[in-house]
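Descriptive structure summary
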Amino acid sequence: MHDLTGFQRDLLYVIAGADQPSGQTVKDEVEKYYSSEINHGRLYPNLDTLVNKELVEKGQLDRRTNYYAITDSGRERIDERREWEEQYLDF
């Protein structure tokens, strides 16, 4: 995950926690966390980066709506990140 921005990590986590969310659904969830509006010019290039890195797959729900789904590689990266975090966080 060291090669992802914090925003890209957040997108990956949202996608991992949902069942094939649309871009709009991902946007809505991230906006709740950030408490501010995320514009399309920021969202979709970052989603495309996750797709290009093969952490997320992109499919089509209908002619206008895409969905995003975590890949096995994406899930492995999240697991690795959580293991790394746990060595420093002992609450």
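Residue positions are given per chain, counting from 1 as you read along its sequence in written order. Side-chain atom pairs in this predicted model are given and counted only at pLDDT of 80 or more, local residue features only at pLDDT of at least 70, and totals for whole chains, interfaces and linings cover all residues. Each side-chain value is worked out from all heavy atoms of the structure, with water and hydrogens disregarded.

In the nomenclature of an unreviewed UniProt entry, the protein is known as PadR family transcriptional regulator of Natronorubrum daqingense.

Moving on, we come to the nonpolar core. By convention a nonpolar core is built from buried Ala, Val, Leu, Ile, Met, Phe, Trp, Tyr and Cys residues, the set being connected through side-chain atoms within 4.5 Å. Whether a residue is buried, partly exposed or exposed follows from its accessible area with a 1.4 Å probe, protein chains only, as a fraction of its type maximum: under 20%, in between, or over 50%, in that order. Judged by nonpolar contacts, the single largest core of 17 residues is most densely connected at Leu 11, Leu 12, Val 26, Leu 47 and Leu 50. Each helix is a run of H or I in the DSSP string that is no shorter than four residues. Each strand is a run of E no shorter than two, and both are numbered from the N terminus. Put simply, the parts of the chain that give this core at least two residues each are α1 (6-16), α2 (23-34), α3 (40-52) and β2 (66-70). Residue contributions to this core peak at four residues, all from α1. Contact criterion: two residues are considered in contact whenever any of their non-hydrogen atoms come within 4.5 Å of each other. Setting aside chain neighbours within four positions, we find Leu 47 in contact with Leu 11, Ile 15, Gly 23, Val 26 and Tyr 68.

Of all five residues making up β2, four are buried, and the element is well covered by its neighbours. When DSSP finds two or more bridges between two strands, those strands count as paired. In this sheet, β2 lies alongside strand β1 (residues 56-60) in antiparallel orientation, the contact comprising five bridges. Bridged to Lys 58 within β2 is Tyr 68. Hairpin connection between β1 and β2: a loop of five residues separates the two successive antiparallel strands.

This part covers helix α4 (residues 72-86). Helical geometry: 3.6 residues make up each α-helical turn, so side chains three or four residues apart lie on a common side. Expected helix span is computed as 1.5 Å times (number of residues minus one). In this model, α4 (15 residues) spans 21 Å end to end at C-alpha, consistent with the 21 Å of a helix rising 1.5 Å per residue. Among the residues of α4, those classed as buried are Gly 74, Arg 77 and Ile 78. When α4 is viewed along its axis, its buried side chains cluster within an angular range of 100° and face the same direction. Projecting away from the buried face of α4 at angles above 90 degrees are the exposed residues Asp 72, Glu 80, Glu 83 and Glu 86. Each element contacted by the buried residues of α4 is listed here: α1 and β2. It is the directions from the helix axis to the C-beta atoms whose arc is reported.

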